[in-house]
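Understanding the architecture of this molecule
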Amino acid sequence: GSGADTCVLQGNGTSSVVFASGITQSTALYGFTIAGGAGFVAPWSENRIMGGGIFADQSVLTIGNNRISGNRAQFGGGIALMNSHFHITNNNIVSNSADSGSATASNMGGGIYLYDSKGKIDQNTISNNLASSGALNPTLVVSGGQMAPGGGICMVFSKNVGDVNVSGNLINSNTATGAQHYGGGIYCYQSSNTLTNSISITDNTLSGNQGLDGGG
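These numbers come from a predicted model, not from an experiment.

Cut-offs and rules
- Residues numbered from 1 in each chain as written.
- Predicted model: local features only at pLDDT ≥ 70, side-chain atom pairs only at ≥ 80, totals over all residues.
- Heavy atoms only, no water.
- Phe/Tyr/Trp six-rings, centres within 6.5 Å; stacked < 30°, edge-to-face > 60°.
- Helix = DSSP H or I, 4+ residues; strand = E, 2+ residues; numbered from the N terminus.
- Buried < 20%, exposed > 50% of the residue type's maximum accessible area, 1.4 Å probe, protein only.
- Pairing = 2+ DSSP bridges.
- Contact = heavy atoms within 4.5 Å.
- Lys, Arg positive; Asp, Glu negative; His and termini not counted.
- Salt bridge = Lys/Arg side-chain N within 4 Å of Asp/Glu carboxyl O.
- Axes fitted to C-alpha atoms, helices over the stretch in contact; angles between N-to-C directions.
- Core = buried A, V, L, I, M, F, W, Y, C linked by side-chain atoms within 4.5 Å.
- pLDDT = per-residue confidence, 0-100.

Turning next to the packing of aromatic side chains. One pass over the full model with this rule turns up four aromatic pairs. With 5.1 Å between their ring centres and 85° between their planes, Phe 75 and Tyr 113 make a pair best called edge-to-face. In this pair, Phe 75 sits in the loop between strand S10 (72-73) and strand S11 (79-82) while Tyr 113 sits in strand S15 (residues 112-115), placing the two residues 38 residues apart along the sequence. Comparing Phe 75 with Tyr 113, the two get one shared label, buried.

Let's shift gears to the sheet that holds strand S22 (residues 175-177). Overall, parallel pairing links the four strands, which are arranged S10-S14-S18-S22 in an open sheet. Two strands lie at the open edges of the sheet, namely S10 and S22, each paired on one side alone. Sheet analysis places strand S14 (residues 97-98) next to strand S18 (residues 130-132), joined by two bridges and oriented parallel. Paired with Ala 98 across the bridge in S18 is Ala 131.

This part takes up the side chain of Ser 97. You can see Ser 97 is positioned in strand S14. Its relative accessible area of 16% is what places Ser 97 among the buried residues. Those residues in contact with Ser 97, other than ones at most four positions away along the chain, are Asn 71, Arg 72, Ala 73, Gly 77, Gly 110 and Leu 130.

Moving on to the side chain of Asp 122. You can see Asp 122 is positioned in strand S16 (residues 118-122). Although Asp 122 lies buried, it forms no salt bridge, and the closest oppositely charged side chain, Lys 120, sits 5.7 Å away as judged by the N-O distance. If we skip the residues at most four places from it in the chain, Asp 122 touches His 87, Ile 88, Thr 89, Asn 90, Ser 167 and Asn 169.

Moving on, we get to unusual backbone geometry. Non-glycine residue Gln 58 carries a positive phi angle of around 50°. On the secondary structure map, Gln 58 appears in the loop between strand S7 (54-57) and strand S8 (60-64). For Asn 83, which is not glycine, the phi dihedral falls at a positive 50°. With respect to the helices, strands and loops of the structure, Asn 83 is situated in the loop between S11 and strand S12 (85-89).

Ordered by their spatial adjacency, seven strands build an open sheet running S1-S4-S9-S13-S17-S21-S25, and the pairing between neighbours is parallel. On the outer flanks of this sheet lie strand S1 (8-10) and strand S25 (205-207), each paired with one strand and no other. Each neighbouring strand pair of the sheet contributes to a mean axis angle of 10°, computed without reference to strand direction. Inspection of the sheet shows strand S4 (residues 33-35) paired to strand S9 (residues 67-69) by three bridges, in the parallel sense. Looking at S9, one finds that Thr 33 is bridged to Arg 67.

For the rest of this paragraph, the subject is the nonpolar core. In terms of nonpolar packing, the biggest core is built from 28 residues, with Ile 54, Ile 79, Ile 88, Ile 112, Ile 121 and Ile 153 touching the most fellow members. Elements that contribute at least two residues to this core include exactly strand S2 (18-21), S7, S8, S11, S12, S15, strand S19 (153-157) and strand S20 (164-167). Looking at this core element by element, the count peaks at three residues for S19. Core analysis: the second largest hydrophobic core is formed by eleven residues, Phe 55, Ala 80, Met 108 and Tyr 113 among them.

This next bit is on the confidence of the model for the chain. Confidence in the prediction for the chain averages 88 pLDDT; 86% of positions are at 70 or higher. Counting interchain partners and residues more than four positions distant, the pLDDT-below-50 stretch residues 137-144 has nine contacts.

Summarising the element assignment, Ser 207 is placed in strand S25. C-alpha separation for the pair Ser 207 and Gly 185, spaced 22 residues apart in sequence, amounts to 8.3 Å. Residues within four places of Ser 207 in sequence aside, it is in contact with Ile 171, Asn 172 and Ser 173.

Have a look at this one:
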């Protein structure tokens with residue numbers, strides 16, 4: 001794009017603003033404002049609503065010098081990447097939300113949601129994003145529902161895919177709230193202690209993030 005101040009990709013509130021699937025050659029998304037997205041319904045993922053601003057699956061993608069704001073989805077209000085190789089660099093990822101509007105659903109990664117993906121997140125401002133679930137319902141909590149982890153970033157791994165490096169970012173004033181809200185700034189989960197994915201979090205500035213178990 002010609003610059004985030006002049007080149008705006010405005011969503012219509014019914015789908016992801018940017019969608020990529022099966023792009024195996026390195027592709028770059030540079031210099032846009034990406035706003036007003038509401039996510040893609042992923043039929044292979046229990047019809048979860050993913051990637052309000054940007055959604056990518058099985059793709060190689062660089063996301064740089066963008067302003068990603070005012071987007072909403074169930075998983076990844078700003079960005080959701082599945083099974084992808086990525087570089088997210090020098091973006092302003094602000095005021096996005098993981099909130100499906102359902103009191104019973106789990107909602108993850110207000111700013112960024114990564115699932116079985118590898119790459120780098122560096123030199124970004126990730127601020128004022130929200131992951132929110134409904135009021136406490138003990139039955140749903142026992143069955144694993146009503147999760148709201150990762151106000152800023154949520155990373156989930158079900159298999160070995162490679163490494164993630166998070167460095168040099170400003171991660172501030174993000175919130176995880178609701179019945180089960182963990183990691184206001186960053187939340188990481190690997191489904192088995194036998195997985196060997198390496199997650200490196202270095203030289204970031206984390207401040208003012210809020211969550212039940214681990215504000216930062």
